[in-house]
Amino acid sequence: QVQLVESGGGLVQAGGSLRLSCAASRSIFSIYAMGWYRQAPGKQRELVALITIGGSANYADSVKGRFTISRDNAKNTVYLQLNNLKPEDTAVYYCNANRPVGDIWGQGTQVTVSS
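Residue positions are given per chain, counting from 1 as you read along its sequence in written order. Two thresholds apply to this predicted model, a pLDDT of at least 70 for residue-level local features and 80 or more for giving and counting side-chain atom pairs, whereas whole-chain, interface and lining totals are computed over all residues. Side-chain numbers here rest on the full set of heavy atoms in the structure, without hydrogens or water.

Quick word on the overall build of the protein
Basically, it comes down to this: Under the scheme used here, helices are H or I runs from DSSP no shorter than 4 residues and strands are E runs no shorter than 2 residues, and both carry numbers assigned from the N terminus. Atoms considered for the radius of gyration are the C-alpha atoms alone. The globule rule reads 2.2 Å times the number of residues to the power 0.38. A contact between two residues is defined here by any heavy atoms of the two lying within 4.5 Å. Values of accessible area rely on a 1.4 Å probe in the Shrake-Rupley scheme; residue burial ignores everything except the protein chains shown. When charges are counted, neither His nor the chain ends are considered; positive counts come from Lys and Arg and negative counts from Asp and Glu. Where a charge lies is defined by one atom per residue type, namely NZ (Lys), CZ (Arg), CG (Asp) and CD (Glu).
Helix and strand counts for the protein stand at zero helices and eleven strands. Reading the secondary structure of the protein in the N-to-C direction produces β-β-β-β-β-β-β-β-β-β-β. At 13 Å, the protein has a C-alpha radius of gyration in line with the 13 Å of a compact globule built from 115 residues. By its C-alpha atoms, the protein is 40 × 25 × 25 Å across when sized along the principal axes. Sequence-distant contacts in the protein: of pairs separated by 6 or more residues, those separated by 24 or more amount to 52%. Of the roughly 6,100 Å² that the protein leaves accessible, carbon and sulfur atoms contribute 46%. In the protein, 11 positive and 7 negative side-chain charges are present, and the distance between their average locations comes to 4 Å.

Okay, here's the thing in C-alpha cells:
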C-alpha cells in the first residue's frame, strides 16, 4: 500500500513562509490526484489545495494567491508553498492521495503562525 509522509511544518511569524513536503512510497501521481488538507482544533478538516493527474491546481478561496501546490515526479513528492502566512492558517496539514477505492492520508505536520 502507498504511504505518505509529511514534513516541513513549524512555527513562523505572520507574513512568513514555509514549504511543506509530502513524500510517497512509490510513483502515484500519474494515477491519483493529490491534495493538501488542514484541520485546526475544533474545526472540520478542509481542502486547501489540489493538484490533478494532469497537473492543474485548485485552491481554497482563503489561500488563493498565497499558497502554491506543486510536485516532483522523480522524487515522488508533492509540495505546498505557504507564503504570507496568517494566524488563521494555524492547523495540522495533511497530505492526501485521492483514490476511488478510498483516500490515503499522511499523519500530518503542524503549522503554527504567530501574530
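With respect to the nonpolar core
As a reminder, the rule being used: Buried residues of nine kinds, namely Ala, Val, Leu, Ile, Met, Phe, Trp, Tyr and Cys, make up a nonpolar core once their side-chain atoms join them within 4.5 Å. Exposure classes here rest on a 1.4 Å probe applied to the protein chains alone. A residue is buried below 20% of its type maximum, exposed above 50%, and partly exposed in between.
By size, the foremost hydrophobic cluster in this structure holds 30 residues, and its most contacted members are L4, I28, M34, W36, V78, L80 and Y93. Residue contacts for L80: discarding those within four places in its chain leaves L18, R19, L20, W36, V48, A49, F67, T68, I69 and Y93.

Quick notes on the sheet that holds strand 1 (residues 4–7)
For clarity, the cut-off: Two strands make a pair as long as DSSP finds a minimum of two bridges between them. Each axis is a line fitted through C-alpha atoms, taken for helices only over the stretch in contact, and angles between the N-to-C directions span 0 to 180 degrees.
Taken together, the four strands give an open sheet; going across it, the order is 1-3-8-7, and neighbouring strands pair in antiparallel fashion. Bordering the open sheet on either side are strand 1 and strand 7 (67–72), each of which pairs with just one other strand. Each adjacent strand pair in this sheet contributes to an overall mean axis angle of 15°, direction not counted. Looking at chain direction, strand 3 (residues 18–24) and strand 8 (residues 77–82) are connected through six bridges and run antiparallel. Each bridged residue has a counterpart across the sheet, and for C22 the counterpart in strand 8 is V78.

Observations concerning the state of the cysteines
To keep it simple, the criterion reads: Disulfides are defined as cysteine sulfur pairs within 2.5 Å.
As enumerated under the stated definition, the model contains one disulfide in all. Residue pairing for C22: its cysteine sulfur links by disulfide to C95, the two sulfurs lying 2.0 Å apart. Taking the sign of the S-S torsion, about -80° here, the bridge from C22 to C95 comes out left-handed. With C22 in strand 3 and C95 in strand 9 (residues 91–98), the pair connects residues that are 73 residues apart, well separated along the chain. Classification of C95 by relative accessible area gives buried; the value is 0%.

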